[in-house]
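Listed below, chain by chain, are the residues.
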Amino acid sequence: MKFLHTSDWHLGRQFHNVSLLDDQKAVLEQIIAYIENNPVDALVIAGDVYDRSVPPTAAIEMMNQFVNRVCGELKLPIILIPGNHDGAQRLGFGSGRMRDSGLHILSSFEDMLNPVVIDSESGPVAFYGMPYNDPEVVRHHFKQSVTSHDEAHQFLSQQIRECFIPEHRNVLVSHCFVDGAMESDSERPLSIGGSDRVSHEHFVDFDYVALGHLHQPQKKGEDFIRYSGSLMKYSFSEQHQKKGMTLVELEENGFKSATHIDLTAPHEM
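All of the points below concern the structure found in this document. (Residues numbered from 1 in each chain as written. Predicted model: local features only at pLDDT ≥ 70, side-chain atom pairs only at ≥ 80, totals over all residues. Heavy atoms only, no water.)

## A short note on the pairing of strand S16 (residues 254–262)
Strand direction decides the pairing type here: strand S15 (residues 244–251) and S16, joined by eight bridges, are antiparallel. When the bridges of S16 are listed, Leu250 appears paired with Phe255. Between the antiparallel neighbours S15 and S16 lie two residues. (Pairing = 2+ DSSP bridges. Helix = DSSP H or I, 4+ residues; strand = E, 2+ residues; numbered from the N terminus.)

## So, the pairing of strand S9 (residues 169–175)
Two faces belong to every sheet, and in a regular strand the side chains alternate between them. With seven of seven residues buried, S9 is to be regarded as a mostly interior element. Of the two faces of S9, the one lined by Arg169, Val171, Val173 and His175 and the one lined by Asn170, Leu172 and Ser174 are each fully buried. Pairing of strand S8 (residues 125–130) with S9 involves six bridges; the strand directions are parallel. Within S9, the position partnered with Phe127 by the bridge is Val171. Bridge count for S9 against strand S12 (residues 208–212) is five bridges, and the pairing is parallel. The residue of S12 that forms the bridge with Val173 is Ala210. (Buried < 20%, exposed > 50% of the residue type's maximum accessible area, 1.4 Å probe, protein only.)

## A word on helix H7 (residues 149–161)
The first and last C-alpha atoms of H7 sit 18 Å apart over 13 residues, in line with the 18 Å expected at 1.5 Å per residue. Every buried residue belonging to H7 is among His149, Ala152, His153, Phe155, Leu156, Ser157, Gln159 and Ile160, and all of these are buried. Summarising the contacts, the buried residues of H7 are in contact with helix H5 (109–112), S8, helix H6 (135–142), S9 and strand S11 (197–198). (Expected span 1.5 Å × (residues − 1). Contact = heavy atoms within 4.5 Å.)

## Structural notes on the packing of H6 against H7
For the pair H6 and H7, the least separation of the axes is 9 Å and the interaxial angle reads 45 degrees. Of the possible angle classes, the one that applies to H6 and H7 is oblique. Judged by the sense of rotation from one axis to the other, the crossing of H6 with H7 is left-handed. Residues Pro135, Val138 and Phe142 of H6 form the contact with H7, whose participating residues are His149, Ala152, Phe155 and Leu156. Tallied by class, the residues present in the contact of H6 with H7 amount to six nonpolar, one polar and no charged. (Axes fitted to C-alpha atoms, helices over the stretch in contact; angles between N-to-C directions. Parallel < 35°, antiparallel > 145°, perpendicular 65-115°, else oblique. Left-handed = near helix turned anticlockwise from the far one by under 90°. Nonpolar A, V, L, I, M, F, W, Y, C, P; charged D, E, K, R; others polar.)

## Focus on the environment of Pro82
Counting through the fold element by element, Pro82 comes out in the loop between strand S5 (78–81) and helix H3 (88–91). In this view, Pro82 contacts Gly47, Asp48, Ala88, Leu91, Leu106, Ser107, Pro131, Tyr132 and His175; residues no more than four positions away in its chain are not counted.

## Side note on the nonpolar core
Most often, soluble globular proteins have nonpolar side chains that are buried together. Formed by 46 residues in total, the largest nonpolar core has its most connected members in Phe3, Phe127 and Phe203. Ranked by residues supplied to this core, first place goes to S8 with five residues. Among all residues touching Phe127, those that are not within four sequence positions of it are Met1, Phe3, Val44, Ile79, Leu106, Pro115, Val116, Ile118 and Val171. Core analysis: the next-biggest nonpolar cluster, separate from the first, contains 37 residues, Leu80, Leu91, Leu103 and Ile261 among them. (Core = buried A, V, L, I, M, F, W, Y, C linked by side-chain atoms within 4.5 Å.)

## With respect to the pattern of salt bridges
Tallied over the full model, the rule gives eleven salt bridges. One salt bridge in this structure joins Asp207 and Arg169, with 3.4 Å as the shortest N-O distance. With Asp207 in the loop between S11 and S12 and Arg169 in strand S9, this pair connects stretches of sequence that are 38 residues apart. The network of salt bridges with common partners includes Glu183, Asp196 and Arg197. (Salt bridge = Lys/Arg side-chain N within 4 Å of Asp/Glu carboxyl O.)

## Here's the deal with the packing of aromatic side chains
All chains considered together, the criterion is met by ten aromatic pairs. Geometrically, the ring pair formed by Phe3 and Tyr208 is edge-to-face, given 5.7 Å between the ring centres and 75 degrees between the ring planes. Residue Phe3 is located in strand S1 (residues 2–6), and its partner Tyr208 is located in strand S12; the two are separated by 205 residues in the primary sequence. Residue classification places Tyr208 among the buried residues on the basis of a relative accessible area of 0%. The ring of Phe177 has Arg197 lying over it, and the distance from NZ or CZ to the ring centre is 3.9 Å. (Phe/Tyr/Trp six-rings, centres within 6.5 Å; stacked < 30°, edge-to-face > 60°. Lys NZ or Arg CZ within 6 Å of the ring centre and 35° of its normal.)

## Section: the side chain of Glu238
Inspection of the secondary structure assignment puts Glu238 in the loop between strand S14 (222–227) and S15. Note on Glu238: relative accessible area 0%, which makes it buried. Polar side-chain contacts of Glu238 include one of 3.5 Å to the side chain of Ser230. Residue contacts for Glu238: discarding those within four places in its chain leaves Ser184, Ser186, His215, Ser230, Met232, Lys233 and Lys243. (Polar contact = N/O pair within 3.5 Å; in protein donor to acceptor, adjacent residues only side chain to side chain.)

Written out as structure tokens, the structure reads:
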């Protein structure tokens, strides 16, 4: 099983009042070209597809064209979750109807407990999407006394583990701030006072954890717990970062490798 892990596209973002849509389109074309020339089983987007909950029309049109080419023409499934910049309900509109076309938007707690299962040569792989939610939302929905992002993710991870099927490899897609990871200036804080930090220990039972939110490609805690980083550079603090996506390979016994694939925007930061 091979799949691409991406995150933090922020389609529709501006940099000092200059639209980045043309550069974003050029980078998306590089993703499509890679898929056309390298067989993979899925494309994962770990949140922040758009830069704000009500994105500009041009950004929606760009995403629509991308999905049509990847899911429609190339027949590759896309699995995505909302991030803290996305509006989960807006992003998830019509998601039930889109699954048959290969677009899997896991935007609710109900979706979270119903994984996307993809068959491969190494066996079935279950993709669990944990949509971004504040602790208050988790507390209200599940009637649990969680007060921090860490407690919320500990609880949600346990809920997912109870759904595991022995013969499946299990991939988690989450949008959060893993404690100790490196941040950039372009990320919107999830909270103040450090209560947004999440321990990587909650994720060690998965075969791979596709993380979003932090814009620098990095791993944390284990080789299989990774941020792919943002689609392109969105602040001066990212000028020396290598942007791209992560090619993940799973085998019958679980995680095998993660390889960074460079993506280059037309304009450097």
